[in-house]
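Breakdown of the fold
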Amino acid sequence: MAQEAQRIPVAMGHIEGVPLLGSTCDAWDSIYNFQARGDDILITGFPKSGTTWMQEIVDLILQEGDAQKGRRAPTYIKVPCIELIPPKPRPIGVELAQTMKSPRVLKTHLPINLLPPSFWEKNVKAVYVARNAKDCMVSYYYFHKMNKMLPPPRNLENFFSAFLSGDVPWGSWFDHVIGWWKAMDKHQILFIFYEDMIEDPMREIRKVMKFLGKDLSDEVLENIKYHTSFQAMKENPMTNFSTVPNAVLEQTISPFIRKGTVGDWRNHFTVAQNIIFDEEYKKKMEGSGLNFRTEL
Ligand code: A3P
């Protein structure tokens, strides 16, 4: 509590009604005008959906399972988030991306309506990671507690209401998943569910491999599965964010690679909150054609 009380307030802003970090809003022109390349691969998803996990999977597919090459740099450098303006000396997303050789793997949490248009002009392939809203919310709550670039949450109850109304950085989980889901008609988007990755990582890694037009042996895929397992990523300094100073990510409050399960919401939601959540969920998701599992 004492550590959280010392936090400096974080400026927030809005782009087209979507709450984003103030630093992202200030740099919005350069972000929105970012120039994608035809052979870029974009990893996307609402925050806390398992995007870091997917970043490592895609990188290791491109490295043909060579874990040594996978360790060449931290995940957030190998696969920069284009709208992120991290504290110095970390380079800002769009600038880092411009210096990278092709094929680049890039990441974004932007809702589809805010994606820089050049991604679709260049027909870029995107892997969307979707995670059930309840677990995503709990994970995001812990992330707000430990990440000093985000506004500190007052308590879980307060964060619960903010998440449901879309008043959290990157906006509404509902608009995000529905927007990207519908865009599959028009664009090259592979939709992957976090719960499916937990259930059968090999099956999901194989789907990603095929989508990227690669053909790797079972042995290589097993190796990728091993090196991207929860435990391996938790122990690997290149994937566990231990390279980011405590002043930014306070991992003693909550580790970045935290729990990695389906159904952690059960340890946090009250019965009343669960009823409210389910009612709101039904209203917002009805007719979307999207089905999430909240337990396995
Ligand atoms: P939890 O907080 O529920 O543990 P993102 O990378 O999009 O921010 O998502 C972070 C979430 O993915 C965290 O969820 C994190 O622990 C989980 N995660 C990261 N790597 C994982 C892995 N290899 N296997 C399972 N979950 C993983």
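The shown structure was predicted, so the numbers you read here are calculated from the model rather than taken from an experiment. (Residues numbered from 1 in each chain as written. Predicted model: local features only at pLDDT ≥ 70, side-chain atom pairs only at ≥ 80, totals over all residues.)

Moving on, we come to the overall build of the chain. Scanning the chain from terminus to terminus reveals 16 helices and six strands. In terms of C-alpha radius of gyration, the chain reaches 18 Å, essentially the compact-globule figure of 19 Å for 296 residues. The dimensions of the chain, computed from C-alpha atoms along their principal axes, are 50 × 40 × 40 Å. Classification of the 296 residues of the chain by burial places 37% in the buried group. Restricting to contacts in the chain with at least 6 residues of sequence separation, those with at least 24 account for 74%. (Helix = DSSP H or I, 4+ residues; strand = E, 2+ residues; numbered from the N terminus. Rg over C-alpha atoms; globule rule 2.2 N^0.38 Å. Buried ≥ 20, exposed ≤ 12 C-beta atoms within 10 Å, placed from the backbone. Contact = placed C-beta atoms within 7 Å.)

The N-to-C vectors of helix H13 (residues 201–211) and helix H14 (residues 218–227) enclose an angle of 115 degrees; their axes lie 10 Å apart at closest approach. Compared by their axis directions, H13 and H14 come out roughly perpendicular. Considering only the axes of H13 and H14, their crossing is right-handed. Between H13 and H14, the contacting residues are Pro-201, Met-202, Ile-205 and Arg-206 on the first element and Leu-221, Ile-224 and Lys-225 on the second. A per-class count over the contact of H13 with H14 returns five nonpolar, no polar and two charged. (Axes fitted to C-alpha atoms, helices over the stretch in contact; angles between N-to-C directions. Parallel < 35°, antiparallel > 145°, perpendicular 65-115°, else oblique. Left-handed = near helix turned anticlockwise from the far one by under 90°. Nonpolar A, V, L, I, M, F, W, Y, C, P; charged D, E, K, R; others polar.)

Here the focus is the site of the ligand. With respect to spatial proximity, 20 residues lie near the ligand, and among them Thr-51, Thr-52, Ser-139, Arg-258 and Gly-260 are the closest. Mapped onto the shell around the ligand, the elements with two or more residues apiece are helix H4 (51–62), helix H9 (133–146) and helix H15 (230–235). The residue makeup of the shell around the ligand, split by class, is six nonpolar, nine polar and five charged. (Near = placed C-beta within 6 Å.)

Bringing the sheet that holds strand S4 (residues 105–108) into the picture now. Sheet strands pair by backbone hydrogen bonding; their relative direction is either parallel or antiparallel. The sheet built from four strands is open, its strands ordered S4-S3-S5-S6 with parallel pairing. At either end of the open sheet lies a strand with only one pairing partner, and these are S4 and strand S6 (189–193). Neighbour-to-neighbour, the strand axes of this sheet turn through a mean angle of 20 degrees, independent of strand direction. As paired strands, strand S3 (residues 41–44) and strand S5 (residues 125–130) are joined by four bridges and run parallel to one another. Bridge pairing in S5 links Leu-42 to Ala-126. Most of the contacts of H13 go to S6, to which it runs at about 175 degrees, and overall it touches S5 and S6. (Pairing = 2+ DSSP bridges.)

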